[in-house]
Amino acid sequence: MDWKNTILVIVLIANFALAFFSYFKSKRGKVNLIWSTVIGAVILWIASMILYRSSPQETSVIWCQILYVSATLIPISFLYFTFIYPHGEWKITKRECLLIVLPMIIVVVLVALKGMIIKDVKVHLGQEKEILWGPAYLLYTVYISSYFTWALWNLFKRYIKSHGILKSQVRYMLLGTSLSIVLGSIFNLFLPTIGDFRFNWLGQVATLFMVGFVSYAVMVYQLMDIRFVIGKSAVYFLSFLVVIGLASLTIILNNKLEQPATFNVLGPLIIFLSILLFQPVYRFFENLASKYFYYTFYSYQTVIINMGRKLTRVLDLDQLASLITSTLVETMKLDRTVILLRDPQTGDYQIKKNIGFREENGISLVRDDFLTSYLEKTKRALVYEELSLVIRDSKMTEKTDLEKLKQNMKRIEASLCLPLLIEDKIIGIIVLGNKISGDSYSKEDLDLLTALSHQASIALQNAKLYSQVQDLSKNLQAKVDEQTRELKEAYEELKKLDEAKSEFISIASHQLRTPLSIIKGYLSMAVEGTYGNMPGRMKEPIQRVFQTNERLIKLVGDILTVSRIEAGRIELNLEKSSLKELITSVIEALKTEAKGKNLVLAYKEEKEPLPQILMDKEKIRQVLIIIIDNAILYTQKGNITVEASQSRGLSQKVVIEIKDTGAGISKKDLKDLFKSFSRGHAGDRYWTEGAGLGLYIAQKFVKLHGGDIRAESAGKNKGTSFYIDLPMAADKNEIGNLILSKTSRDR
């Protein structure tokens, strides 16, 4: 086998592989089946050429006839393919079919008859075989030329009427078929007609253009954009040409100088300047191509990186939607685009950014859930030009919905639906229109759009969450402001009510004190015999009334004191006084009451003398009386001890401890001990007449001095210890500061 036949065998195998893939890409498709038949005729033609070139003299004519018969099958099968492409339908009558097939039958018969088209074949040693033509050879050339021209005309009409991906597919077919027909006509028709058979085998090789380009167009939905490759190459070529031209011009001008620079100096300088100039020149041609040819020679990585940088700087949802749409329009050169965002709760879509579409048209695409569910299932862009093929290959249950979707996309002139997915769930859809250039979306376009959609999905989701947080923050702030206003109003109202209560208590207390004092006076005089001797049986009742009146006078006094405290009308009369003298005087006043219960009330002398402290003697006296009096009331046996000492810690203070062996206080009662009208279980048991105001008043008086009061008890019947801390302040300002500091800590 010579080298030419070896090449033909390789071409035959390549065509066979393309036929195999074209058919099995979609067995059910009539278009694929007919195209595989066309390739089969081409394979038969190539095989016939191999056998013809290898045949001996005696069988050369027969193989030559087979060669030319197989050639007649190619144009008619390809013509039929151009009629049914792309939908596989061509309505033709039997008469029309006969008129098309009849010329081929006539040519086949004439080829088979020796002497009509092929007279004889001569074999020359070391040269290609020479064919002697018969009188009907012209009819053969007319048939081949006419049918191929007819097929090209069909493709050209299809190209004019089509758009999008179909237009790109037909362009591929026209380019590949035209190359094969032109080369085949030169090598297999024209040159053999004038007796040159040296290249008659190259027509078979040229079939690779037709078979390869058409097979690629039939098999692949999104085609690689050749213009992108050619355009990019052209831009680089022109840029290099300009830079090299400028470098050459620099060298020429340098040589014309009287003292030209040496190449050792000029060469590195030219190289350096060429490197600096290349990028500006390249950008100039790139922008020129984009401006005048409606096409952006975008760099995949550049667009992705730039988009990513911009998206990370934007959190406002409206600005982000505008950025995405503007990037798509500028990069892809689109006539329209819209971003639809989906509410995760209701599933409804809202238009976030629209360029070119009517709002109603954009929403109509997602009026039902089919598009959403379909995109969630496929997780890829839906191209309008693909829908015919998708419908053809889909299940019957989806065909109706896909047909409806196709009609809707055609009506609103939508070319592509790009899903925005987060964790396989649709958060939105970007709908794209047509390219201004009229070109379809290439594979590179879809790769770029898919990458951009991933970035856009994340950015839009983040922006939505940020917007929700902002809205929540605003609503929360509004709620807080509203609640604060309501609380302020309620506080003011309560303050007024509290002031009214305090005023009422103060007035009521004053009004009660006068008659109670009068009653006390009359009862006292009656007991003393001012009105004469009282019968013996009246003394005890009158004494009880007198004691009850005394308790009422004390209660009214306590209530009046509480109202003044809460109204802030208590003033301290501060002076340096001896705490020891004050304690001993109180003990002397209460000793009689303690003895009446057989209790020991004692003052434990301090080891070191107590300093005089700044205090209101009457207020502290009242505090001591309240606590010691309570100790006497709640102690049935044992003793009550009062002890005072000076603290040596960080804070200079005097601590007064009043310890009894009485009923004790439970942990639960200790928590509420110093609250107004609070009485523990022991109070209910031993002193039923108490109102629970004494310790509250005592605590307030102590705190007015900047001090503190607390109680400790081991439990029921285990006694109680009260501790009064009074600061050793130098003046009133220091006491004021202590009060402020303590109030801040308590808060």
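Residues numbered from 1 in each chain as written. Predicted model: local features only at pLDDT ≥ 70, side-chain atom pairs only at ≥ 80, totals over all residues. Heavy atoms only, no water.

A separate point is unusual backbone geometry. Even without glycine at this site, K379 takes up a positive phi of about 55 degrees. Here K379 is to be found in the loop between α13 (370-378) and β5 (382-383). Within the chain, N598 stands out as a residue other than glycine whose phi angle is a positive 60 degrees. The residue N598 is located in the loop between α18 (579-595) and β9 (600-604) in this model. Note on N598: relative accessible area 69%, which makes it exposed. (Helix = DSSP H or I, 4+ residues; strand = E, 2+ residues; numbered from the N terminus. Buried < 20%, exposed > 50% of the residue type's maximum accessible area, 1.4 Å probe, protein only.)

Attention now goes to the sheet that holds β9. To summarise the sheet geometry, strands pair through backbone hydrogen bonds and adopt either a parallel or an antiparallel arrangement. Taken in spatial order, the five strands of this open sheet run β9-β11-β12-β14-β13, and their pairing is mixed. This sheet does not close on itself; its edge strands, each paired only once, are β9 and β13 (708-713). Across the sheet, the mean angle separating the axes of adjacent strands is 15 degrees when strand polarity is ignored. Relative to strand β12 (residues 653-660), strand β11 (residues 639-647) runs antiparallel, the two being bridged by eight bridges. (Pairing = 2+ DSSP bridges. Axes fitted to C-alpha atoms, helices over the stretch in contact; angles between N-to-C directions.)

Turning our attention to the pairing of strand β3 (residues 337-342). Successive side chains on a regular strand alternate, one facing one side of the sheet and the next facing the other. Burial of β3 is extensive: five of the six residues sit out of reach of the surface. Bridge count for β3 against strand β4 (residues 349-355) is six bridges, and the pairing is antiparallel. Across the sheet, residue R342 finds its bridge partner in β4, namely Y349. What sits between β3 and β4 in their antiparallel hairpin is a turn of six residues, with G347 showing a positive phi close to 85 degrees. The sheet contact formed by β3 and strand β7 (residues 425-432) spans five bridges and is antiparallel. What sits directly across from I339, in β7, is I430.

Direction vectors running N to C along helix α19 (residues 617-633) and helix α22 (residues 694-704) enclose 145 degrees, while the axes themselves pass 9 Å from each other. Relative to α22, α19 is oriented so that their crossing is left-handed. Residue-level contacts link K619, Q622, V623, I626, I627 and N630 of α19 to G694, L695, I697, A698, F701 and V702 of α22. Its residues assigned to classes, the contact of α19 with α22 comprises eight nonpolar, three polar and one charged. (Left-handed = near helix turned anticlockwise from the far one by under 90°. Contact = heavy atoms within 4.5 Å. Nonpolar A, V, L, I, M, F, W, Y, C, P; charged D, E, K, R; others polar.)

Attention shifts here to a nonpolar patch on the surface. On the surface, a nonpolar cluster with roughly 790 Å² of combined accessible area is contributed by V242, L246, L249, L253, L269, F272, L273, L276 and L277. A total of five residues in the nonpolar patch trace back to one element, the largest contributor, which is helix α9 (residues 263-292). On the secondary structure map, L276 appears in helix α9. (Patch = residues over 30% accessible without salt bridge, like charges linked within 9 Å, V, L, I, M, F, W, Y side chains within 5 Å. Areas by Shrake-Rupley, 256 points an atom, 1.4 Å probe, with all protein chains shown as cover. Salt bridge = Lys/Arg side-chain N within 4 Å of Asp/Glu carboxyl O.)

Looking now at the sheet that holds β3. One open sheet accounts for five strands, arranged β4-β3-β7-β6-β5; its pairing is antiparallel. Sheet topology places β4 and β5 at the edges, where each strand pairs with a single neighbour.

Extensive coverage of β7 is indicated by the burial of seven of its eight residues. Pairing of strand β6 (residues 416-422) with β7 involves seven bridges; the strand directions are antiparallel. Within β7, the position partnered with L420 by the bridge is G428. Following β6, the chain reverses through two residues before pairing antiparallel with β7; E423 in that reversal takes a positive phi of roughly 55 degrees.

For the protein, the mean per-residue pLDDT works out to 81, and 88% of the residues sit at or above 70. Here residues 221-226 scores under 50 on pLDDT; set against residues more than four positions off or in separate chains, the count is 30 contacts. (pLDDT = per-residue confidence, 0-100.)

Throughout the structure, instances matching the rule amount to 20 aromatic pairs. Between W3 and W201 the ring centres are 5.7 Å apart and the planes differ by 85 degrees, which places this aromatic pair in the edge-to-face class. Here W3, found in helix α1 (residues 3-25), pairs with W201, found in the loop between α6 (164-193) and α7 (202-219); they are 198 residues apart in sequence, far enough to count as distant. For the pair Y172 and F213, a centre-to-centre distance of 6.1 Å together with 45 degrees between the ring planes defines the contact as tilted. With Y172 in helix α6 and F213 in helix α7, the pair connects residues that are 41 residues apart, well separated along the chain. A relative accessible area of 23% means that F213 is categorised as partly exposed. Through a chain of ring-to-ring contacts, three or more aromatic side chains come together here, namely Y68, W133, Y137, Y140 and F197. In this structure, K619 packs its charged tip against the face of F701, placed 5.7 Å from the ring centre. (Phe/Tyr/Trp six-rings, centres within 6.5 Å; stacked < 30°, edge-to-face > 60°. Lys NZ or Arg CZ within 6 Å of the ring centre and 35° of its normal.)

This next bit is on the packing of α18 against α19. Orientation of α18 relative to α19, taken along the N-to-C sense of each, is 35 degrees, at an axis distance of 10 Å. For the crossing formed where α18 meets α19, the hand is right-handed. Contacts from L579, L582, I583, S585, V586, L590, E593 and A594 of α18 reach α19 at K617, I620, R621, L624, I625, I628, D629, I632 and L633. Across the contact of α18 with α19, the residue classes tally to twelve nonpolar, one polar and four charged.

All right, on to the nonpolar core then. In terms of nonpolar packing, the biggest core is built from 62 residues, with Y68, F78, F81, I117, I131 and Y140 touching the most fellow members. The biggest single contributor to this core is helix α2 (residues 30-54), with 13 residues. Ranked by size, the runner-up nonpolar core spans 46 residues in total, among them I570, V586, I628 and I709. (Core = buried A, V, L, I, M, F, W, Y, C linked by side-chain atoms within 4.5 Å.)

Note on placement: C417 falls in strand β6. Measuring from C-alpha to C-alpha, the distance between C417 and V383 comes to 6.6 Å, with 34 residues separating the pair along the chain. The contacts of C417, once residues within four sequence positions are left out, are L365, L371, L375, A381, L382, M409, I429, I430 and V431.

Attention shifts here to the side chain of K435. With respect to the helices, strands and loops of the structure, K435 is situated in the loop between β7 and α16 (443-528). Looking at K435, the relative accessible area reads 6%, which means it is buried. Other than its neighbours up to four places away in sequence, K435 contacts M332, K333, L334, S440, Y441 and D445.

Moving on, we get to the pattern of salt bridges. Scanning the model with the defined rule gives 13 salt bridges in all. The salt bridge partner of R53 is E128, with a shortest N-O separation of 2.8 Å. Highlighted residues: R53 in helix α2 and E128 in the loop between β1 (118-122) and β2 (130-133), separated in sequence by 75 residues. The two residues R53 and E128 agree in class, both being buried. Residue D672 pairs with K675 through a salt bridge whose shortest N-O separation is 3.1 Å.

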